[in-house]
Amino acid sequence: MEFRFTWEVLQQIWDTHGLGTVQTVACPRWGSMNQTVIVNRSHLVRFKVRPKGAYRFLTEHKACVMLADRKSVPSPEIVVFDDTFGIVPYEYLIMVCLPGLPLPIFWQQFRDLEKREIGVTVGSALAEIHSVKLEVYGDIVAASPHHFDSWHEYVEDYWLHCVSMAQSMSDTLHIIESVEKIYSEYNSLVDWVREPSLL
């Protein structure tokens, strides 16, 4: 059954979490793997309508909480993570919209120097994210079975998953060969990682 949100459903969600009145609703133009709407131009609500990634929303919630105090990393404030399935038959996340617009909209308009500066800013934010240390490699959700003792084990599991996914599709022999070649050539690099961190 395909889920279609209605104004009434959104208002029920807003009432449940004490968020006031739904006044405007819009759909984002960019980058949404799950059904997403912008409410009142201030909040984003995403419904996990795809079955893949059992802990995807919970993982995102935990990661944003971990990054909340790191001002150099622009991470959205998570207002609600709901996995009760009480109002809709899906998990959903409500977060505060970050200011700005997606880079792809204006990327070609930037000068080379501006692009390099953006790259440095993004790289610095990524380094700050990596500075958050974890106890194990893999998922940050305790209930997940995907925990590993080393980065090597995690990467190997990921590559095997990619190959398995490719094998389930047609005309993907070249993808499988490419994955196996990359893994073979760069396998030794993963041993450099000695401490699990947030990705």
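Parameters and conventions
Residues numbered from 1 in each chain as written. Predicted model: local features only at pLDDT ≥ 70, side-chain atom pairs only at ≥ 80, totals over all residues. Heavy atoms only, no water. Helix = DSSP H or I, 4+ residues; strand = E, 2+ residues; numbered from the N terminus. Contact = heavy atoms within 4.5 Å. Areas by Shrake-Rupley, 256 points an atom, 1.4 Å probe, with all protein chains shown as cover. Lys, Arg positive; Asp, Glu negative; His and termini not counted. Charge placed at Lys NZ, Arg CZ, Asp CG, Glu CD. Core = buried A, V, L, I, M, F, W, Y, C linked by side-chain atoms within 4.5 Å. Buried < 20%, exposed > 50% of the residue type's maximum accessible area, 1.4 Å probe, protein only. Salt bridge = Lys/Arg side-chain N within 4 Å of Asp/Glu carboxyl O. Pairing = 2+ DSSP bridges. Axes fitted to C-alpha atoms, helices over the stretch in contact; angles between N-to-C directions. Patch = residues over 30% accessible without salt bridge, like charges linked within 9 Å, V, L, I, M, F, W, Y side chains within 5 Å. Phe/Tyr/Trp six-rings, centres within 6.5 Å; stacked < 30°, edge-to-face > 60°.

A. Region of interest: the overall build of the protein chain. Summing up its helical and strand segments, the protein chain has six helices and seven strands in all. Secondary structure elements of the protein chain, listed N to C terminal, follow the sequence α-β-β-β-α-β-β-α-α-β-β-α-α. A separation of at least 24 residues holds for 51% of the contacts in the protein chain among residues at least 6 apart in sequence. Of the accessible surface of the protein chain, which amounts to about 13,400 Å², a share of 56% is contributed by carbon and sulfur atoms. The positive charge centre, built from 17 side chains, and the negative charge centre, built from 25, are 8 Å apart in the protein chain.

B. Focus on the nonpolar core. I13, W14, V45, F47, Y92 and I94 are the most contacted members of the largest nonpolar core, which totals 13 residues. Those elements that provide at least two residues to this core are helix 1 (7–16), strand 2 (35–39), strand 3 (43–47) and strand 5 (92–96). Sorting elements by how many residues they give to this core places helix 1 first, with four residues. Each residue touching I94, except ones within four places of it in the same chain, is listed here: I13, W14, H17, L19, H43, L44, V45, E77, I78, V79 and V80. I129, V132, L134 and I140 belong to the second largest nonpolar core, which has eight residues in total.

C. Spatial organisation of the pattern of salt bridges. Counted by the stated rule, this structure contains four salt bridges. Residue E114 pairs with R111 through a salt bridge whose shortest N-O separation is 3.6 Å. The closest approach of N and O atoms between K133 and E195, which form a salt bridge, is 4.0 Å. On the criterion of sequence distance, the pair formed by K133 in the loop between helix 4 (112–130) and strand 6 (137–138) and E195 in the segment after helix 6 (173–186) is long-range, its members being 62 residues apart.

D. Here's a closer look at the sheet that holds strand 3. If you walk across this open sheet you meet the five strands as 1-2-3-5-4, and the pairing is antiparallel. For this open sheet the edge positions go to strand 1 (25–26) and strand 4 (78–82), each flanked by a neighbour on one side alone. Two elements, strand 1 and strand 2, share two bridges in a ladder whose sense is antiparallel. Opposite V25, over in strand 2, you have V39 as the bridge partner. Relative to the sheet, helix 1 contacts strand 1, strand 2, strand 3 and strand 5, its axis offset from that of strand 3 by approximately 110°.

E. Seen up close, a nonpolar patch on the surface. Taken together, the side chains of I182, Y186, L189 and W192 define a hydrophobic patch exposed on the protein surface, amounting to about 470 Å² of accessible area. Structurally, Y186 can be placed in helix 6. Assessed through its relative accessible area of 47%, Y186 is described here as partly exposed.

F. Spatial organisation of the packing of aromatic side chains. Under the counting rule described, the total for this entry stands at six aromatic pairs. Both rings, one in W107 and one in F110, keep their centres 6.0 Å apart while their planes meet at 80°; by these two values the pair is edge-to-face. The partly exposed category is assigned to W107, whose relative accessible area is 29%. Three or more aromatic residues link up through ring pairs in this structure, and these residues are Y137, F148, W151 and Y154.

G. Summary view of the pairing of strand 4. For strand 4, the buried fraction is high: four of the five residues fall into the buried class. Examined bridge by bridge, strand 4 and strand 5 share four bridges and lie antiparallel to one another. Looking across to strand 5, one finds that V80 is bridged to I94.

H. Spotlight on the pairing of strand 2. Of all five residues making up strand 2, four are buried, and the element is well covered by its neighbours. Sheet topology places strand 2 next to strand 3; five bridges connect them, and they run antiparallel. Residue pairing in the sheet places T36 in a bridge with R46 of strand 3.

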